[in-house]
Number of protein chains: 2
Amino acid sequence: MNPTATTTTCAECKLQAHCLPAGLDAGERDRIDSLMSKRIRVHRGDALYNNGDDFVSLYTVRTGFFKTSVSCDSGREQVTGFQMAGEILGLDGIHTGHHQSDAVALEDAEVCSIRFDRLETVSREIPAMQHHLHQLMSREIVRDHGMMLLLGGMRAEERLASFLLNLAARLRTRGFSACEFVLRMTREEIGSYLGLKLETISRAFSRLAALGIIEVQQKHVRILDIHQLEHVEQEEALAA
Amino acid sequence: MNPTATTTTCAECKLQAHCLPAGLDAGERDRIDSLMSKRIRVHRGDALYNNGDDFVSLYTVRTGFFKTSVSCDSGREQVTGFQMAGEILGLDGIHTGHHQSDAVALEDAEVCSIRFDRLETVSREIPAMQHHLHQLMSREIVRDHGMMLLLGGMRAEERLASFLLNLAARLRTRGFSACEFVLRMTREEIGSYLGLKLETISRAFSRLAALGIIEVQQKHVRILDIHQLEHVEQEEALAA
DNA sequence: CGGCAAGTTGATGACAGTCAAGCCGGGTGG
DNA sequence: CCACCCGGCTTGACTGTCATCAACTTGCCG
């Protein structure tokens, strides 16, 4: 069905440049291939792993779309990220040897699993691989700090604007249209991610649409004026 | 002045158990000692590094207290963490080779600097060291996800309560009193960290004090009822 | 075609932000 | 040694943004 799903090695995979092997030479890449223990299919709505599961492998998304979330004892759930093709899942499990979050497929998906103990072994042999792994983990930390900035102070429309811009940028690097796309998640999931309620997300969409910055029809979004979207704070002042 | 400031090796350092060498055997620890290029003094209010600086080393706090923060173009600043003895600074620099945040001393401090390229070299030789580094980075990711949960949905008093509990726990593992301590940061810095304004922090302190859960006198805090502090959500319902 | 999940929109209210005034405490200089 | 000053903190009154509750619409899938 999906052609990329039939390739079996990183060397043949179109996602190479955005995935774990990014920046490695051919020989090094072949070593990674040797790590890929297996490919796993996850159906829409199913979990790749859950909080508390033993941590064995990292996963790279091959096709499909995931959300990761943490929850506290009082039942509140916080979506911590959305992952698309080429992105890594499972880094939170390294700390204690148990996953500290849930990873759920938002559409039928396929991931490559990489045993972490073997990845460490290969990292010891290939400095580029080692450094690359460290960069990946550091990137996740930097990304999380950006989310803290967003959650700590931004208003609803700013949050949504930066969410859309982030999504657009990630789609663009994968060769998809950056200004027109289909959301894979519900308003409630976006709200959980951005620290808002679903009604507020809905209203923020409507408002950005009314300002002529985007067009929204349910899950279909088109960015009409990316420059204005990047300056939503000012636009808000302008509208007042 | 400070006795720990005169020791020169990890083996002699009292912080061993809470610092980078935690969990390593004596031989491995000696390898870490070989990494410690130098010790750096940072005066209260001075930066250990700033956003954009070249990333060369990680730092472990020896004495003193730091805050790290990121800021966006519109000038808003978000404190991303407070670091005390034994904790690591600088992980955000690995990704791009440039620090992505500021690290400022909240009181006169001393840190050990560890050249990251050398740490990677040693990691390749000592699997335990390698895994330990990965655990450290993963812990930072897990911590950040916890902050996202806090920033995403908690009310002011819950945020302050979990901040105080976290501080208490970290002080306890270092042998300090967990129920009585002096805050090293201002209300404004706490507010930035917790996504609130300083007035709200002040009110939250007053309210927790009025409920008999804590005692506050400026920067001096005493936890009177740690169990109640852990259940502030319920207490709030109770008070209504 | 029916049923249900997801999304929109409106009315109202709560919580934290803003603005403002005053207090406390520590350090400095007369 | 005291008075002053200034940063940090507290408290009050009012406002604004987002949450909540509720009614209704849309669109999808069996």
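Everything numeric in this text was worked out from a predicted model, so none of it was measured.

> So what's going on with the sheet that holds strand 7 (residues 180–182) of chain B? Which residues, and what values?
All names here are of chain B. With antiparallel pairing, 3 strands are arranged side by side in an open sheet as 7-9-8. On the outer flanks of this sheet lie strand 7 and strand 8 (214–217), each paired with one strand and no other. Recorded for the sheet is a direction-independent mean angle of 15 degrees between the axes of neighbouring strands. Two strands pair when backbone bridges link them, and strand 8 and strand 9 (residues 220–223) are joined in this way by 4 bridges, in the antiparallel orientation. Bridged to Ile-214 within strand 9 is Ile-223. Where helix 4 (residues 156–173) meets the sheet, it contacts strand 7, strand 8 and strand 9, and its direction lies at approximately 100 degrees from that of strand 7.

> I'd love a proper account of the packing of aromatic side chains, names of residues and values included.
Residue and element names in this part refer to chain A. The full count for this structure, using the stated rule, is 12 aromatic pairs over all chains. Their ring planes at 55 degrees and their centres at 5.5 Å tell us that Phe-55 and Phe-116 sit as a pair that is tilted. Of this pair, Phe-55 sits in the loop between strand 2 (47–49) and strand 3 (57–71) while Phe-116 sits in helix 2 (residues 116–125), and the two are 61 residues apart along the sequence. Its relative accessible area of 13% is what places Phe-55 among the buried residues.

> Describe in detail the pattern of salt bridges, supporting the description with residues and values.
Opposite charge on two side chains lets them pair, provided their charged atoms get close. In the structure shown here, the tally under the stated rule is 28 salt bridges over all chains. For Glu-87 of chain A, the salt bridge goes to Arg-170 of chain A, with nearest N and O atoms at 2.8 Å. Taken as a pair, Glu-87 of chain A in the loop between strand 4 (77–83) and strand 5 (88–89) and Arg-170 of chain A in helix 4 (residues 156–173) lie far apart in primary sequence, 83 residues in all. Its relative accessible area of 14% is what places Glu-87 of chain A among the buried residues. One salt bridge in this structure joins Glu-87 of chain B and Arg-174 of chain B, with 3.5 Å as the shortest N-O distance. Separated by 87 residues along the polypeptide, Glu-87 of chain B in the loop between strand 4 (77–83) and strand 5 (88–89) and Arg-174 of chain B in the loop between helix 4 and strand 7 bring together distant segments of the chain. Summarising the burial analysis for this pair, Glu-87 of chain B and Arg-174 of chain B share the class buried.

> A description of the environment of Tyr-59 of chain B should follow, citing residues and the corresponding values.
Residues and elements named next belong to chain B. For Tyr-59, the location among the structural elements is in strand 3 (residues 57–71). Note on Tyr-59: relative accessible area 11%, which makes it buried. For the pair formed by Tyr-59 and Glu-87, sequence separation is 28 residues and the distance between their alpha carbons is 8.3 Å. Ignoring sequence-local partners within four residues, the contact set of Tyr-59 consists of Ile-40, Leu-48, Tyr-49, Glu-87, Ile-88, Leu-89, Val-111, Cys-112 and Ser-113.

> Which residues make up the domain arrangement of chain A, and what values go with them?
Residues and elements named next belong to chain A. The domains assigned to chain A are domain 1 (3–151) and domain 2 (154–239). Look at where the C-alpha atoms of domain 1 and domain 2 centre, and you get two points 26 Å apart. Each partner contributes to the roughly 1700 Å² buried at the junction of domain 1 and domain 2, and carbon and sulfur atoms together form 58% of this total. Among the residues domain 1 hides against domain 2, the three largest losses belong to Phe-82, Met-84 and Leu-150. Together they make up 38% of the total.

> Lay out the protein's contact with DNA strand D in plain terms, naming residues and giving numbers.
Taken together, 17 residues surround DNA strand D, and among them Ala-156 and Thr-200 of chain A together with Arg-187, Ser-202 and Ser-206 of chain B come closest. Within 4 Å of the protein, atoms of DNA strand D come from sugar and phosphate in 64% of cases. The separation between a phosphate oxygen of DNA strand D and a polar side-chain atom of Thr-200 of chain A is 2.3 Å. Those elements that provide at least two residues to the surface near DNA strand D are helix 6 (198–210) of chain A together with helix 6 (198–210) of chain B. Examining the composition of the surface near DNA strand D, we find that 5 residues originate from one element, helix 6 of chain B, more than from any other. Classifying every residue of the surface near DNA strand D gives 3 nonpolar, 6 polar and 8 charged.

Reading the values: the criteria
Residue indices begin from 1 for each chain and proceed along its sequence in written order. Working convention: letters from A go to chains and numbers from 1 go to ligands, in the order in which they are written. Only residues with pLDDT of at least 70 get local features here, since the model is predicted, and only at 80 or more are side-chain atom pairs given and counted; chain-wide, interface and lining totals rely on the full set of residues. Hydrogens and water are ignored here; the side-chain numbers use all heavy atoms of the structure. The pairing criterion is simple: DSSP has to find at least two bridges between the two strands. By definition, any uninterrupted DSSP run of H or I lasting at least four residues is a helix, any uninterrupted run of E lasting at least two residues is a strand, and each is numbered from the N terminus. For helices, the fitted line uses only the C-alpha atoms of the stretch in contact; every axis is such a line through C-alpha atoms, and the angle between N-to-C directions lies from 0 to 180 degrees. By definition, residues are in contact when any of their heavy atoms lie within 4.5 Å. For this analysis, a ring pair means two rings from Phe, Tyr or Trp (six-membered ring only for Trp) whose centres lie within 6.5 Å, classed as stacked if their planes differ by under 30 degrees, edge-to-face if by over 60, and tilted for the remaining angles. Summary of the burial criterion: residues with accessible area below 20% of their type's maximum are buried, those above 50% are exposed, and those between are partly exposed, where the area comes from a 1.4 Å probe applied to protein chains only. Definition used for salt bridges: Asp or Glu carboxyl oxygen within 4 Å of a side-chain nitrogen of Lys or Arg. Bear in mind that the domain bounds are from an automatic or database domain assignment. When two parts are brought into contact, each loses some accessible area as probed by a 1.4 Å sphere; the total of that loss over both is the buried area. Residue proximity to a molecule or strand is established when one non-hydrogen atom of the residue lies within 4 Å of it. A 3.5 Å cut-off defines polar contacts: any pair of N or O atoms within that distance qualifies, except that in protein one atom must be a possible hydrogen donor and the other a possible acceptor, and neighbouring residues in sequence count only when both atoms are side-chain atoms. For this classification, Asp, Glu, Lys and Arg are treated as charged, while Ala, Val, Leu, Ile, Met, Phe, Trp, Tyr, Cys and Pro are nonpolar and the rest, including Gly, are polar.

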